Amino acid sequence: MIPGSFDYHRPNTIDEAVGLLASHAGDAFILAGGHSLIPMMKLRMATPEHLIDIQDISELTGISVNADHIEIGAAVTQAQLIASADLSTHCPILSETALQIADPQIRNVGTIGGNVANGDPGNDMPAIMQLLDAAFVLRGPDGTRNVSARTFYEAAYFTARDESEILTAIRIPTPPAGHGHSYQKQKRKIGDYATAAAGVIVTMHNGTCTSASIALTNLADTPLWAEAASNALVGTSLDATAIDAAVSAARAITDPASDGRGPKEYRTHLAGIMVKRAIQTAHARAA
Amino acid sequence: MSKTHVKMTVNGKPVEALAEPRTLLIHFLREELNLTGPHIGCDTSHCGACTVDIDGKSVKSCTVFVGQAQDSEIKTIEGIAHPDGTLHAVQEAFRQHHGLQCGFCTPGMITRAYRLLQENPNPSEEEIRHGISGNLCRCTGYQNIVKAIQVAAEELSVKEAAQ
Ligand SMILES: Cc1cc2nc3c(=O)[nH]c(=O)nc-3n(C[C@H](O)[C@H](O)[C@H](O)COP(=O)(O)OP(=O)(O)OC[C@H]3O[C@@H](n4cnc5c(N)ncnc54)[C@H](O)[C@@H]3O)c2cc1C
Ligand code: FES
Ligand code: FES
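Keep in mind that this is a model prediction, so the values were computed, not measured.

A. Representation of the site of ligand 1 in the model. If you check the shell around ligand 1, you find 31 residues, and the closest are Ala32, Gly33, His35, Gly110 and Gly114 of chain A. One chain alone does not account for the residues near ligand 1; they come from chains A and B. Listing elements by their share of the shell around ligand 1, those giving two or more residues are strand E2 (28-31), helix H2 (37-42), helix H7 (112-117) and strand E10 (166-173) of chain A. Broken down by class, the residue content of the shell around ligand 1 amounts to 16 nonpolar, 14 polar and one charged. Per-domain counts for the shell around ligand 1 show at least three residues from each of domain 1 (7-53) and domain 2 (58-173) of chain A.

B. Here's a closer look at the confidence of the model for chain B. When pLDDT is averaged across chain B, the result is 96; 99% of the residues are at 70 or more. Overall fold confidence (pTM) sits at 0.97, and the ipTM for the predicted complex is 0.96.

C. Broad picture of the domain arrangement of chain A. Residue and element names in this part refer to chain A. On domain assignment, one finds that chain A holds domain 1 (7-53), domain 2 (58-173) and domain 3 (180-285). For domain 2 and domain 3, the distance between their C-alpha centroids amounts to 20 Å. Contact residues are listed per partner, giving 19 residues for domain 2 and 21 residues for domain 3. Here the side of domain 2 that touches domain 3 gets five residues from one element, more than from any other, and that element is helix H8 (residues 125-131). The class makeup of the residues in the side of domain 2 that touches domain 3 is 11 nonpolar, four polar and four charged.

D. Structural detail: the pairing of strand E5 (residues 69-73) of chain A. All names here are of chain A. With three bridges connecting them, strand E4 (residues 63-65) and E5 associate as antiparallel partners. Counterpart to valine 65 in the pairing with E5 is isoleucine 70. The hairpin turn running from E4 into E5, its antiparallel successor, is three residues long. With five bridges joining them, E5 and E10 adopt antiparallel strand pairing. Across the sheet, residue glycine 73 finds its bridge partner in E10, namely alanine 169.

E. Main features of the domain arrangement of chain B. Residue and element names in this part refer to chain B. By domain assignment, chain B separates into domain 1 (4-79) and domain 2 (89-162). Tallying the contact residues gives 15 residues for domain 1 and 11 residues for domain 2. Sort the elements by how many residues they give to the side of domain 1 that touches domain 2 and strand E3 (residues 51-54) lands first, with three residues. Considered class by class, the residues forming the side of domain 1 that touches domain 2 number six nonpolar, eight polar and one charged.

F. The sheet that holds E2 of chain A, seen in detail. All names here are of chain A. Spatial strand order, E1-E3-E2: three strands in an open sheet with parallel pairing. Unpaired on one side and paired on the other, strand E1 (7-9) and E2 mark the two borders of the sheet. On average, adjacent strands in this sheet sit at an angle of 25 degrees to one another, irrespective of strand direction. Where E2 meets strand E3 (residues 50-53), four bridges bridge the pair, whose relative direction is parallel. When the bridges of E3 are listed, alanine 28 appears paired with histidine 50. Across the sheet, helix H1 (residues 14-23) is in contact with E1, E2 and E3; its angle to E3 comes to roughly 170 degrees.

G. A look at the nonpolar core. Ile128, Ile214, Leu216, Ala246 and Val275 of chain A together with Ala113 of chain B are the most contacted members of the largest nonpolar core, which totals 130 residues. Considering every element that reaches this core, the biggest residue donor is helix H12 (residues 264-285) of chain A, with seven residues. Those residues within four positions of alanine 246 of chain A in sequence are excluded, and the remaining contacts are Ile214, Ala229, Ala232, Leu233, Val275 and Ile279 of chain A.

H. Broad picture of the sheet that holds strand E11 (residues 180-186) of chain A. All names here are of chain A. If you walk across this open sheet you meet the four strands as E11-E12-E13-E14, and the pairing is antiparallel. The sheet is open, and its two borders are formed by E11 and strand E14 (224-225), each paired with just one other strand. Pairing geometry for E11 and strand E12 (residues 196-205), over seven bridges, is antiparallel. Counted as the bridge partner of serine 182 is valine 200 from E12. Along the sheet, H12 contacts E11, E12 and strand E13 (208-217); its crossing angle with E11, the most-contacted strand, is approximately 155 degrees.

The rules behind each value
Residues numbered from 1 in each chain as written. Chains lettered and ligands numbered in written order. Predicted model: local features only at pLDDT ≥ 70, side-chain atom pairs only at ≥ 80, totals over all residues. Near = placed C-beta within 6 Å. Helix = DSSP H or I, 4+ residues; strand = E, 2+ residues; numbered from the N terminus. Nonpolar A, V, L, I, M, F, W, Y, C, P; charged D, E, K, R; others polar. Domains from an automatic or database assignment. pLDDT = per-residue confidence, 0-100. Contact = placed C-beta atoms within 7 Å. Pairing = 2+ DSSP bridges. Axes fitted to C-alpha atoms, helices over the stretch in contact; angles between N-to-C directions. Core = buried A, V, L, I, M, F, W, Y, C linked by C-beta atoms within 7 Å. Buried ≥ 20, exposed ≤ 12 C-beta atoms within 10 Å, placed from the backbone.

Structure, rendered in structure tokens:
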């Protein structure tokens, strides 16, 4: 499978990349790790005339963590997320999720920016971004704006990003110390996209849940932040009744496709199981 | 759509050529440089038969445009044996312990195993299985591949201790 022809650009700065995107509006795509885009180009489902490779833009590569927020450059790879000691300490759900994406070769090149900008409901990071209430920093010809991950996804492959904008970074409010986390992903084989997956973080105080956030992957044409399910946990001891309430609320917002990963009923059923396991694991890990 | 000037180091040798930007690295290696060790199995980034090292990291070369590898150092299966032609410990262990049957997956499998042992010289069985999870083998059932990598890890650590 040979992709269509294109001109290849390799800018050194964000401004140059934005200039190229703007001057070829609609015909130019950002190329990050290429492990979603190149397969699409081989199938001719994407036929960009210009590719803008961002690997030389050093402004896109940092990870910084402080008590207030975490900032991750769009070109940080999944392998770099896994290797970051700071992230493992302050926001371990990121490395736990990254480790469940694809395989070692793909994680060496696939970036967090590509994973969240892609808009494929099968990508794992978008739900985690919704769970953590991340903001996506977008730079275009008219300047920079932040868009909440919870409003970014419109439909499969449709997002709030304008085609002349580049995602430069992801900003995440640092989760409270002592929070418990879990990302539970059911897949057909190692490296596969989720049949159903759920992420949970919870904070406990004297046996009572003081905050909770739940999000779901590949259970609709966008990632889903399960707000009602999250609220069903707060103020409880995370006992069986509370977990059942959260599971029902989460299942109620899913709308999975019937496809090679299973019929809709099966995937909805699995969604509930993933939510339950993720709550139980997050609870056990919470301080 | 003009051709671009490509420059990289492959198995220690500098390489320069003109190529269409849409050329995939695997095609460049196999067709331009006649390095037919890396194979095309699936062409969809699943099987790992096309695995090469780019700047010391395992990558699936069927999903990399040649321009992305500009100025990088590439290592293919052809660059794994010692310069005098004797096999590398990983290759020798695959040979001794039946780590291959038809051999189709083997170049990618060994190139990946070679890199895995650089990253983690003393992996557990589980770490080996996760480490090669991007490489599919239709023949061996993996048991002897895992065993060969374990033996190679021991060999390499004995050698290192002796140095
Ligand atoms: C076999 C296989 C299995 C996989 N399994 C999983 C899995 O289980 N879970 C999962 O989440 N993913 C999986 N993936 C996808 C993989 O993680 C991709 O690498 C990732 O989705 C995209 O990241 P990338 O850096 O490769 O982006 P690219 O492929 O380069 O880009 C993807 C899209 O995002 C756009 N884009 C990229 N960066 C930016 C930016 N900074 N600003 C604006 N737009 C941008 C591109 O223009 C393109 O449209 C798998 C891929 C393969 C090949
Ligand atoms: S040919 Fe590249 S992964 Fe199969
Ligand atoms: S030996 Fe035949 S595919 Fe692995």
